[in-house]
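Remarks on the overall topology
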Amino acid sequence: IAVEIHPSAKEGSKAVAQEIAALIREKAAANQKCVLGMATGSTPKYLYAELVRLHKEEGLSFKNVITFNLDEYYPIEPDALQSYNRFMKEHLFNHIDIPEGQYHIPDGTIPKDQIKQYCADYDKRIEAVGGMDLQILGIGNNGHIGFNEPGSNINSHTRLVTLDNSTRLANAYEFPNMSQVPRLAITMGLSTIFKAQRVILMAWGSHKAKIVCRSVEGHSTDQVPASLLQQHSNCKFVIDEQASAELT
Ligand code: F6R
């Protein structure tokens, strides 16, 4: 895995935003759609702020962009404070010119007996537009990508999963208390993610240093899902100095 180290999260995020902008413009020039896989959480906040700035100040258009988000809690209402549907609108979609209907975020209100079909359809919709050109990822402290927790199968598709307790703890700050953190989520599968032409995983801060090191330098194992990215032919980690502290 290639690793790109920046002095700070802001600078790393700007570099990734530049790559995304270049890809969007290249596709637009060829009259093609640009299909992006999106992440939520604290990691991509600067990235989305920079993409909004590029739209407002430098005329970057998202008219040819189609997006698919990695995951959403289950169950959750789309307008709940912690919902990833709400997060994406507040941080990105409300501020750019992406046409309604060209962004997709898993729906946390699907009745349980329809989830299997819903998830299969989500993967089909990605395939129908030719697959992802670029997938953006963060990384959980336990190495999860999307909500593919340790032990997830490399061939897994979009599905309903149980969140690890450590993940619920890490995300508890968003909720009034731990008991309100959902136990389930809908996530793109590892095979869904791996089909992207290109993958960029971002990680900021010293609390990510250990898991970044295990993912890049440890052996590739499903016990650290991000380490499976060693098997992807076009993947890089964009990290800040703090997150690089354990690398040799
Ligand atoms: C979010 C996602 C998760 C996060 C990860 C890190 O869509 O897929 O894998 O990227 O939990 O979260 P933060 O960025 O909050 O440290």
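A short tour of the structure in this document, coming up. (Residues numbered from 1 in each chain as written. Predicted model: local features only at pLDDT ≥ 70, side-chain atom pairs only at ≥ 80, totals over all residues.)

1. Observations regarding unusual backbone geometry
Residue Tyr74 is joined to Pro75 through a cis peptide bond whose omega torsion reads -10°. Relative to the helices and strands, Pro75 is located in the loop between strand 4 (71-74) and helix 3 (84-91). (Helix = DSSP H or I, 4+ residues; strand = E, 2+ residues; numbered from the N terminus.)

2. Some thoughts on the sheet that holds strand 10 (residues 235-240)
Strand order across the open sheet formed by 7 strands is 1-10-9-6-2-3-5, with parallel pairing between neighbours. Only two strands of the sheet have a single neighbouring strand rather than two, namely strand 1 (2-6) and strand 5 (103-104). With 5 bridges joining them, strand 1 and strand 10 adopt parallel strand pairing. In the sheet register, Glu4 faces strand 10, and the bridge partner there is Val238. Contacting strand 1, strand 2 (34-38), strand 3 (65-69), strand 6 (134-137), strand 9 (198-203) and strand 10, helix 1 (residues 9-29) runs over the sheet at an angle of about 145° to strand 10. (Pairing = 2+ DSSP bridges. Contact = placed C-beta atoms within 7 Å. Axes fitted to C-alpha atoms, helices over the stretch in contact; angles between N-to-C directions.)

3. Focus on the nonpolar core
Grouped together as the largest cluster of nonpolar side chains are 69 residues, with contacts concentrated most on Leu36, Ile139, Ile200, Leu201, Ala203 and Val212. With near-sequence residues (within four places) excluded, Ile139 lies in contact with Ile145, Leu201, Ala203, Lys208, Ile211, Val212, Ser215 and Ala226. (Core = buried A, V, L, I, M, F, W, Y, C linked by C-beta atoms within 7 Å. Buried ≥ 20, exposed ≤ 12 C-beta atoms within 10 Å, placed from the backbone.)

4. Notes on the pairing of strand 3
Counting buried positions along strand 3 gives 5 out of 5 residues, so the element sits mostly inside the fold. Neither face of strand 3 is exposed, since Val65, Thr67 and Asn69 on one face and Ile66 and Phe68 on the opposite face are all buried. Alignment of strand 2 against strand 3, held across 5 bridges, turns out to be parallel. Its bridge partner lying in strand 3, Leu36 is registered against Thr67. This β-α-β element, strand 2 to helix 2 (residues 45-58) to strand 3, shows right-handed connectivity. Where strand 3 meets strand 5, 2 bridges bridge the pair, whose relative direction is parallel. Among the inter-strand pairings, Thr67 is bridged to a residue of strand 5, identified as Tyr103. (Right-handed = clockwise from strand over helix to strand, strands pointing away.)

5. Some points on helix 1
Here helix 1 contains 21 residues, and its C-alpha end-to-end distance of 30 Å stays within 8% of the 30 Å for a straight helix at 1.5 Å per residue. When helix 1 is considered as a whole, its buried residues turn out to be Ala9, Gly12, Ser13, Val16, Ala17, Ile20 and Ile24. The buried residues of helix 1 occupy one face: seen down the axis, they fall within an arc of 135°. Facing away from the buried side of helix 1, by more than 90 degrees, are the exposed residues Gln18, Ala22, Glu26 and Ala29. Directly after helix 1, the chain includes Asn31, whose backbone phi takes a positive value near 60°. (Expected span 1.5 Å × (residues − 1). Arc of directions from axis to C-beta.)

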